[in-house]
Amino acid sequence: MATATTPDSQPDSARAPSVQLIRAASAAFGHPLVWEDESPTEETPLQRTTSRRADMEQQVNQRRREELGSAFSQDTFMRGLYAVAIGFLILVLVAFITYMTLFVRAILAAIYHGHKPCDQPLKYYSFAILIWGAIGRQLNQQVMKCLQPQMMRNPRNMFLVMMLLSVPLALIISWGALMVISSKTCSRTNPDLYYPTKHYVIFQAAG
């Protein structure tokens, strides 16, 4: 007894050509057919939305990293600047303390040991520095007041004036260095005067 076959029972391979023909014909007339098993998917819009959110989050994170990097760079620069300034102040303070210590030692050596024999007049060096320090500032101020304002506006003339005003101190230091170099016996006959004065002269010449 033969059984009737229904369209649903036909194999998919037999339906494939007819389905393709129907699709081609509908597309040719401008009315493409949509089968029930070919429902439109919503994955593509969802993926686009997710991709946009990911891009926005990446841009925000990148901006945050750039802002943090900029703030870190500025903070590092300021810390370095503060460290340099503090180091410079410490260096100046140490130099000033060293200068005053050597100066006081040289003055005391000239006062308490200046009467002892020495082949060079080293006892007068500290007093010469002291006297020039007292009158040199006032002399420099008077010289600056006497100069014409037009001359002072020129940086080159200002530099020349400052160089000329520093000549007396340079001559005194040169005189002290010459006495230290020329001394032959003072280091043995009067070491309490020779070495404090020598150290003070060396520090001034190096500065």
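Scroll up to find the structure this text is about.
Computed from a predicted model, the values in this text were never measured in an experiment.

Some words on the overall build of the protein chain
In terms of regular secondary structure, the protein chain is built from 8 helices and 0 strands. Ordered by position in the sequence, the α and β elements of the protein chain form the string α-α-α-α-α-α-α-α. Out of the 207 residues belonging to the protein chain, those deemed buried represent 17%. Considering only contacts within the protein chain whose residues lie at least 6 apart along the sequence, 69% involve residues at least 24 apart. Taken as a whole, the protein chain presents about 16,500 Å² of accessible surface, with 64% of it coming from carbon and sulfur.

Quick look at the state of the cysteines
Applying the stated rule across the entire model yields 1 disulfide. The disulfide bridge from Cys118 ends at Cys186, spanning 2.0 Å between sulfur atoms. The sign of the -110° torsion about the S-S bond sets the Cys118-Cys186 disulfide as left-handed. Of the two residues, Cys118 sits in the loop between helix 2 (43–113) and helix 3 (123–146) while Cys186 sits in helix 7 (residues 186–189), which places them 68 residues apart along the sequence.

As for the packing of aromatic side chains
On inspection of all chains with the given rule, the structure shows 7 aromatic pairs. Ring geometry for Tyr125 against Trp175: centres 6.3 Å apart, planes inclined by 50°, an arrangement best described as tilted. Of the two residues, Tyr125 sits in helix 3 while Trp175 sits in helix 6 (residues 167–182), which places them 50 residues apart along the sequence. In this structure Tyr125 comes out as buried when scored by relative accessible area, which is 0%.

Structural notes on the environment of Gly136
Looking at where Gly136 falls in the secondary structure, it is placed in helix 3. As a C-alpha pair, Gly136 and Ser166 span 30 residues in sequence and 9.3 Å in three-dimensional space.

What about the nonpolar core?
Soluble, globular proteins show a tendency: their nonpolar side chains are buried together. With 19 residues, the main nonpolar core has Leu122, Tyr125, Ile129 and Tyr200 as its most contacted residues. Look past the residues within four positions of Tyr125 in its chain and what remains in contact with it is Ile172, Ile173, Trp175, Gly176, Met179, Thr197, Tyr200, Val201 and Gln204.

Some words on helix 3
Given 3.6 residues per helical turn, the α-helix brings residues three or four places apart onto the same face. Taking 1.5 Å as the rise per residue, helix 3 with 24 residues should run 34 Å; its terminal C-alpha atoms sit 35 Å apart, in good agreement. The sharpest bend along helix 3 reaches about 35° and sits at Ile135.

What counts as what
Residues numbered from 1 in each chain as written. Predicted model: local features only at pLDDT ≥ 70, side-chain atom pairs only at ≥ 80, totals over all residues. Heavy atoms only, no water. Helix = DSSP H or I, 4+ residues; strand = E, 2+ residues; numbered from the N terminus. Buried < 20%, exposed > 50% of the residue type's maximum accessible area, 1.4 Å probe, protein only. Contact = heavy atoms within 4.5 Å. Areas by Shrake-Rupley, 256 points an atom, 1.4 Å probe, with all protein chains shown as cover. Disulfide = S-S within 2.5 Å. Phe/Tyr/Trp six-rings, centres within 6.5 Å; stacked < 30°, edge-to-face > 60°. Core = buried A, V, L, I, M, F, W, Y, C linked by side-chain atoms within 4.5 Å. Expected span 1.5 Å × (residues − 1). Bend = angle between axes of the 7 residues up to and from the residue.

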